[in-house]
Amino acid sequence: MSDNHTRRVNFALVKITTEQIDLVPDIIEENSPVKINAGLNFGIDTGKKLLKVLFKNEFLQKEIPFITIETGCIFAFDKDSWNMFAHEEKGLFILPKNFAGHLATLTASTARGILHNATEKSPLNRFFIPANNIEEMIKENVTLSLQPKA
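Nothing here was measured: the structure is a model prediction, and the numbers come from that model. (Residues numbered from 1 in each chain as written. Predicted model: local features only at pLDDT ≥ 70, side-chain atom pairs only at ≥ 80, totals over all residues. Heavy atoms only, no water.)

Undergrad: So what's going on with the pairing of strand β2 (residues 35-45)? Which residues, and what values?
TA: Across eleven bridges, β2 lies against strand β3 (residues 50-61) in antiparallel orientation. In the strand pairing of β3, G43 is matched with K52. Counting the residues in the hairpin turn of β2 and β3 gives four residues, including K49, whose phi is positive at 55°. (Pairing = 2+ DSSP bridges. Helix = DSSP H or I, 4+ residues; strand = E, 2+ residues; numbered from the N terminus.)

Undergrad: Could you give an account of a nonpolar patch on the surface, with specific residues and numbers?
TA: A surface patch of nonpolar side chains, amounting to about 210 Å² of accessible area, comprises V24, I27 and I64. Mapping I64 onto the fold places it in strand β4 (residues 64-77). (Patch = residues over 30% accessible without salt bridge, like charges linked within 9 Å, V, L, I, M, F, W, Y side chains within 5 Å. Areas by Shrake-Rupley, 256 points an atom, 1.4 Å probe, with all protein chains shown as cover. Salt bridge = Lys/Arg side-chain N within 4 Å of Asp/Glu carboxyl O.)

Undergrad: Can you tell me about the sheet that holds strand β1 (residues 11-23), naming the residues and giving the values?
TA: Taken in spatial order, the four strands of this open sheet run β1-β4-β3-β2, and their pairing is antiparallel. Both edges of this open sheet fall to β1 and β2, since each of them pairs with a single strand only. The mean angle between the axes of side-by-side strands here comes to 15°, regardless of whether they run parallel or antiparallel. When β1 meets β4, the two strands line up antiparallel, connected through eleven bridges. (Axes fitted to C-alpha atoms, helices over the stretch in contact; angles between N-to-C directions.)

Put into structure tokens, the structure is as follows:
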């Protein structure tokens, strides 16, 4: 896609997955610092023209996790939009950094809601995924292979 042309990307959120949710309230120590680790991953299904964004958060005290949540959002693209990112000649699917950040932000927001729902009537409800700028986790365009792994 040329930098001179702005084209609309037609996509839809078609599925939400809770890949993992582990809650261990008994190990929390009051007044002990909490550390949060966050991770982000992308994958594609070239046949179905789907992109999956995985967002994982782990809340730890003394390096022991007491909340682990990993959520996935699966996005479908129309053919023209998919082709804007698929570079067949290179065998690569390239998501521009800003658009990848937008999809990651949607996934993080989804994870935030799932965590709230899972902890709503428990002491763990006071822990939530911070509303940080998730886009900062993505340092460059996201490049994925169009070839399935053997």
